[in-house]
Amino acid sequence: MTKSLPSEADDRIIIGKVGAPHGVKGEVKIIPLTDFPERFYAMKMLTIGAKSFAVAKTRTATNGNPIIKLTDVDDRDAAACLTGQTVTVAKSETVPLKEGEYYAFDIVGLRVFDENDHYFGVVTDVLKTGSNDVYAVKDDAGRELFLPALKKIVRKIDTDNKRMIIIADVEEYIS
(Lines give C-alpha, C1' and ligand atoms only; values in the text may rest on other atoms or scores of the structure.)
Protein backbone atom coordinates (compact mmCIF):
# COMPACT_ATOMS: atom_id res chain seq x y z
CA MET A 1 0.00 0.00 0.00
CA THR A 2 1.31 3.47 -0.78
CA LYS A 3 0.66 6.79 0.91
CA SER A 4 0.80 10.44 -0.19
CA LEU A 5 1.76 11.96 -3.50
CA PRO A 6 5.21 12.36 -5.04
CA SER A 7 7.01 15.54 -4.16
CA GLU A 8 7.40 18.71 -6.18
CA ALA A 9 11.04 18.90 -5.13
CA ASP A 10 13.32 16.08 -4.06
CA ASP A 11 13.10 16.89 -0.36
CA ARG A 12 9.40 17.90 -0.09
CA ILE A 13 6.23 15.78 -0.07
CA ILE A 14 2.85 17.15 -1.12
CA ILE A 15 0.26 16.62 1.62
CA GLY A 16 -2.43 19.04 0.55
CA LYS A 17 -3.61 21.92 -1.53
CA VAL A 18 -4.94 25.30 -0.48
CA GLY A 19 -8.57 25.72 -1.37
CA ALA A 20 -10.67 28.86 -1.35
CA PRO A 21 -10.48 31.47 1.41
CA HIS A 22 -12.91 30.99 4.28
CA GLY A 23 -14.51 34.14 5.61
CA VAL A 24 -12.87 37.56 5.62
CA LYS A 25 -10.17 37.16 8.30
CA GLY A 26 -7.56 35.29 6.26
CA GLU A 27 -8.49 31.67 6.90
CA VAL A 28 -7.89 29.10 4.15
CA LYS A 29 -9.54 25.79 3.43
CA ILE A 30 -7.13 22.90 3.04
CA ILE A 31 -7.77 20.00 0.67
CA PRO A 32 -5.85 17.06 2.17
CA LEU A 33 -3.90 14.96 -0.35
CA THR A 34 -2.62 12.55 2.26
CA ASP A 35 -3.83 9.42 3.96
CA PHE A 36 -3.11 11.22 7.24
CA PRO A 37 -5.31 14.38 7.23
CA GLU A 38 -5.23 14.53 11.02
CA ARG A 39 -1.64 15.78 10.76
CA PHE A 40 -2.93 19.26 9.90
CA TYR A 41 -4.34 19.69 13.41
CA ALA A 42 -0.92 19.27 15.05
CA MET A 43 1.12 21.38 12.64
CA LYS A 44 2.63 24.59 14.00
CA MET A 45 4.19 25.60 10.65
CA LEU A 46 2.79 25.13 7.16
CA THR A 47 4.80 25.35 3.95
CA ILE A 48 2.65 26.63 1.09
CA GLY A 49 4.43 26.91 -2.23
CA ALA A 50 7.91 28.17 -1.35
CA LYS A 51 6.93 30.05 1.81
CA SER A 52 6.49 28.89 5.42
CA PHE A 53 3.73 30.23 7.63
CA ALA A 54 3.08 29.91 11.36
CA VAL A 55 -0.30 28.35 12.10
CA ALA A 56 -2.40 30.50 14.43
CA LYS A 57 -5.45 28.23 14.59
CA THR A 58 -6.91 25.12 12.97
CA ARG A 59 -10.53 24.06 13.00
CA THR A 60 -12.73 21.67 11.04
CA ALA A 61 -15.06 22.62 8.17
CA THR A 62 -18.48 20.99 7.83
CA ASN A 63 -17.02 18.66 5.17
CA GLY A 64 -14.37 17.47 7.66
CA ASN A 65 -11.43 19.24 6.03
CA PRO A 66 -9.20 21.64 7.97
CA ILE A 67 -9.66 25.40 7.94
CA ILE A 68 -6.41 27.09 8.93
CA LYS A 69 -5.67 30.62 10.06
CA LEU A 70 -2.08 31.56 9.23
CA THR A 71 -0.22 34.36 10.96
CA ASP A 72 0.48 37.27 8.61
CA VAL A 73 -2.50 36.31 6.39
CA ASP A 74 -5.02 38.77 7.72
CA ASP A 75 -7.73 39.17 5.10
CA ARG A 76 -9.61 37.38 2.34
CA ASP A 77 -7.44 38.86 -0.44
CA ALA A 78 -4.21 37.61 1.17
CA ALA A 79 -5.79 34.17 1.66
CA ALA A 80 -7.00 34.14 -1.97
CA CYS A 81 -3.40 34.59 -3.16
CA LEU A 82 -2.63 31.15 -1.70
CA THR A 83 -5.49 29.32 -3.43
CA GLY A 84 -4.30 26.42 -5.58
CA GLN A 85 -0.81 26.23 -4.08
CA THR A 86 0.49 22.98 -2.63
CA VAL A 87 1.13 22.28 1.03
CA THR A 88 4.32 20.29 1.57
CA VAL A 89 6.41 18.76 4.32
CA ALA A 90 10.02 17.62 4.39
CA LYS A 91 10.54 13.91 3.78
CA SER A 92 11.90 13.73 7.33
CA GLU A 93 8.44 14.79 8.58
CA THR A 94 6.54 11.94 6.94
CA VAL A 95 4.33 9.75 9.09
CA PRO A 96 6.01 6.41 9.88
CA LEU A 97 4.41 3.53 8.00
CA LYS A 98 3.75 -0.07 8.96
CA GLU A 99 5.83 -2.94 7.59
CA GLY A 100 4.95 -3.52 3.92
CA GLU A 101 3.60 0.01 3.36
CA TYR A 102 5.44 2.51 1.18
CA TYR A 103 5.11 6.08 0.11
CA ALA A 104 4.58 6.63 -3.62
CA PHE A 105 7.92 8.45 -3.77
CA ASP A 106 9.59 5.24 -2.51
CA ILE A 107 8.05 3.21 -5.36
CA VAL A 108 8.49 5.60 -8.30
CA GLY A 109 11.90 4.99 -9.85
CA LEU A 110 12.22 1.33 -8.84
CA ARG A 111 13.52 -1.02 -11.55
CA VAL A 112 11.12 -3.95 -12.05
CA PHE A 113 12.37 -7.51 -12.54
CA ASP A 114 10.59 -10.83 -12.42
CA GLU A 115 11.77 -13.77 -10.32
CA ASN A 116 13.90 -14.94 -13.27
CA ASP A 117 15.69 -11.57 -13.40
CA HIS A 118 13.90 -10.49 -16.61
CA TYR A 119 13.82 -6.68 -16.73
CA PHE A 120 10.42 -5.01 -17.29
CA GLY A 121 11.21 -1.31 -16.86
CA VAL A 122 10.97 1.46 -14.27
CA VAL A 123 7.98 2.43 -12.14
CA THR A 124 6.91 5.88 -13.36
CA ASP A 125 3.71 6.39 -11.37
CA VAL A 126 1.49 4.94 -8.66
CA LEU A 127 -2.16 5.07 -9.62
CA LYS A 128 -4.86 5.02 -6.95
CA THR A 129 -7.79 2.97 -8.28
CA GLY A 130 -9.82 2.50 -5.12
CA SER A 131 -9.50 -1.26 -4.71
CA ASN A 132 -5.71 -1.43 -4.97
CA ASP A 133 -2.89 0.71 -6.26
CA VAL A 134 -1.51 0.09 -9.74
CA TYR A 135 2.14 0.62 -10.68
CA ALA A 136 2.74 2.18 -14.11
CA VAL A 137 5.97 0.70 -15.51
CA LYS A 138 7.71 2.00 -18.62
CA ASP A 139 10.25 -0.12 -20.49
CA ASP A 140 13.28 1.11 -22.45
CA ALA A 141 11.24 1.31 -25.67
CA GLY A 142 8.70 3.60 -24.01
CA ARG A 143 5.95 0.97 -23.75
CA GLU A 144 3.91 1.13 -20.58
CA LEU A 145 2.41 -1.70 -18.59
CA PHE A 146 0.29 -1.59 -15.47
CA LEU A 147 0.98 -3.87 -12.52
CA PRO A 148 -1.63 -4.32 -9.81
CA ALA A 149 0.04 -3.67 -6.44
CA LEU A 150 -0.97 -7.00 -4.96
CA LYS A 151 1.09 -9.38 -2.82
CA LYS A 152 0.35 -12.24 -5.23
CA ILE A 153 2.14 -10.24 -7.98
CA VAL A 154 4.75 -8.13 -6.20
CA ARG A 155 7.11 -10.46 -4.36
CA LYS A 156 9.61 -7.95 -2.98
CA ILE A 157 10.15 -4.21 -2.81
CA ASP A 158 13.77 -3.30 -2.13
CA THR A 159 13.97 0.48 -1.80
CA ASP A 160 17.65 0.37 -0.79
CA ASN A 161 18.63 -1.24 -4.11
CA LYS A 162 15.83 0.45 -6.12
CA ARG A 163 14.36 -2.90 -7.22
CA MET A 164 10.93 -4.49 -7.33
CA ILE A 165 10.63 -8.24 -7.87
CA ILE A 166 7.40 -9.55 -9.40
CA ILE A 167 6.14 -13.06 -10.16
CA ALA A 168 7.54 -14.80 -13.24
CA ASP A 169 4.14 -15.47 -14.86
CA VAL A 170 2.92 -11.88 -14.54
CA GLU A 171 1.53 -11.69 -18.11
CA GLU A 172 -1.89 -12.96 -17.05
CA TYR A 173 -2.28 -10.01 -14.64
CA ILE A 174 -0.99 -7.06 -16.67
CA SER A 175 -2.37 -4.87 -19.42
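The rules behind these values
Residues numbered from 1 in each chain as written. Predicted model: local features only at pLDDT ≥ 70, side-chain atom pairs only at ≥ 80, totals over all residues. Heavy atoms only, no water. Helix = DSSP H or I, 4+ residues; strand = E, 2+ residues; numbered from the N terminus. Buried < 20%, exposed > 50% of the residue type's maximum accessible area, 1.4 Å probe, protein only. Contact = heavy atoms within 4.5 Å. Pairing = 2+ DSSP bridges. Axes fitted to C-alpha atoms, helices over the stretch in contact; angles between N-to-C directions. Phe/Tyr/Trp six-rings, centres within 6.5 Å; stacked < 30°, edge-to-face > 60°. Lys NZ or Arg CZ within 6 Å of the ring centre and 35° of its normal.

Q: Would you mind going over the overall build of the chain in detail, with residue names and values included?
A: Assigned secondary structure in the chain consists of two helices and 14 strands. Based on the C-alpha atoms only, the size of the chain along its principal axes is roughly 60 × 30 × 25 Å. Looking at the chain as a whole, 41% of its 175 residues qualify as buried. In the chain, once contacts between residues fewer than 6 apart in sequence are set aside, the share between residues at least 24 apart is 51%.

Q: An account of the sheet that holds strand β14 (residues 163-166) is requested, with residue identities and associated values reported.
A: In spatial order, the strands read β12-β11-β10-β9-β14-β13; together these six strands make up an open sheet with mixed pairing. Two strands close off the open sheet at either side, each with one partner strand: β12 (144-148) and β13 (154-158). Direction aside, the axes of adjacent strands within the sheet are offset by 35° on average. As defined by bridge partners, strand β11 (residues 133-138) adjoins β12 across five bridges and the pair is classed as antiparallel. Each bridged residue has a counterpart across the sheet, and for alanine 136 the counterpart in β12 is phenylalanine 146.

Q: Tell me about the packing of aromatic side chains, and please be specific about residues and values.
A: This model, assessed by the stated rule, comprises two aromatic pairs. The interplanar angle of 5° and the centroid separation of 5.1 Å between the aromatic rings of tyrosine 103 and phenylalanine 105 together place this pair among those described as stacked. No difference in accessibility class separates tyrosine 103 from phenylalanine 105, as the two residues are buried. On the numbers, 5.3 Å between centres and 55° between planes, the contact of phenylalanine 113 with tyrosine 119 is tilted. Judged by its relative accessible area of 10%, phenylalanine 113 falls in the buried class. For the cation-ring pair, arginine 163 lies above phenylalanine 113, with the distance from its terminal atom to the ring centre recorded as 3.9 Å.

Q: Could you give an account of the environment of phenylalanine 113, naming the residues involved and the relevant values?
A: You can see phenylalanine 113 is positioned in strand β9 (residues 111-114). A sequence separation of 41 residues divides phenylalanine 113 from valine 154, and the C-alpha atoms of the two residues are 9.9 Å apart. Excluding residues that lie within four positions of it along the chain, phenylalanine 113 makes contacts with His118, Tyr119, Phe120, Arg163, Met164, Ile165 and Ile166.

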